[in-house]
Amino acid sequence: LLVALQDVTWDMGPTCLFPRTNVPEWHLHLAERGEEFEALLETTPHVLGLLTAGDAILYDSRLLHFGGANASHSSAAAGVGGLSSDRSSEGGTRRTMLVL
């Protein structure tokens, strides 16, 4: 969960998210990181997190995403939180973590 505490504009380097990339095939491409991967990113639809204060983005942390360079004269402030769970196939234990 990413919550904008202020307006996020182009020059602040908003988070760039690539929908439908939270799958193993994409992470294999990421591990290779060659020219082919760069070309794949250039042709893959993406979303920029241009937000107004109070807006939020909820996304799977396995989604390929990155923040851009902040070229503005102000600092970028955001509230970030996360929730994860890990279910073990052995014993059925479950761990949950909430980060704020």
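It should be noted that the structure appears before, not after, this text.
We now turn to the structure provided with this report. Quantities reported herein were computed from a predicted structural model and do not represent experimental measurements.

## Considering the environment of D11
In this fold, D11 is placed in the loop between β1 (2-4) and β2 (15-17). The partly exposed category is assigned to D11, whose relative accessible area is 39%. Along the backbone, D11 and N70 are 59 residues apart, and their C-alpha atoms lie at a distance of 6.1 Å. Sequence-distant contacts of D11, that is, excluding residues within four places in its chain, are made with A69, N70, A71 and S72.

## Topic: the pattern of salt bridges
Under the definition given, this model contains one salt bridge. D60 is the salt-bridge partner of R62, the closest N and O atoms lying 2.6 Å from each other.

## Observations regarding the side chain of S72
With respect to the secondary-structure elements, S72 resides in the loop between β5 (65-67) and β6 (78-80). At a separation of 2.6 Å, a polar atom in the side chain of S72 contacts the side chain of N70. Sequence-distant contacts of S72, defined by excluding residues within four places in its chain, comprise D11 and M12.

## Here we look at the nonpolar core
Listed in full, the seven residues of the largest apolar core are L2, A4, V8, L17, L51, I57 and L63. Look past the residues within four positions of L17 in its chain and what remains in contact with it is H46, V47, I57, Y59, L63, L64 and H65. If you look at the next biggest cluster of nonpolar residues, it comprises six residues, including C16, W26, F37 and L41.

Reading guide: rules and limits
- By convention here, each chain's residues receive numbers from 1 onward along its written sequence.
- Under the rules for a predicted model, residues below a pLDDT of 70 receive no local features and side-chain atom pairs below 80 are neither given nor counted, while totals for whole chains, interfaces and linings still include all residues.
- Processing note: side-chain calculations cover all non-hydrogen atoms of the structure and skip hydrogens and water entirely.
- Helix and strand labels come from DSSP, where a helix needs a run of H or I of at least four residues and a strand needs a run of E of at least two; each type is numbered from the N terminus.
- Only protein chains enter the accessibility calculation, which uses a 1.4 Å probe; a residue whose area is less than 20% of its type maximum is buried, one above 50% is exposed, and one in between is partly exposed.
- Contacts: residue pairs with any heavy atoms within 4.5 Å of one another.
- Here a salt bridge means any side-chain nitrogen of Lys or Arg lying within 4 Å of a carboxyl oxygen belonging to Asp or Glu.
- Identification of polar contacts relies on pairs of N or O atoms within 3.5 Å, with a donor-acceptor requirement for protein atoms, meaning one able to donate a hydrogen and the other able to accept it, and with residues adjacent in sequence counted only if both atoms are side-chain atoms.
- Joining through side-chain atoms within 4.5 Å is the link that ties buried Ala, Val, Leu, Ile, Met, Phe, Trp, Tyr and Cys residues into a set, and such a set is a nonpolar core.

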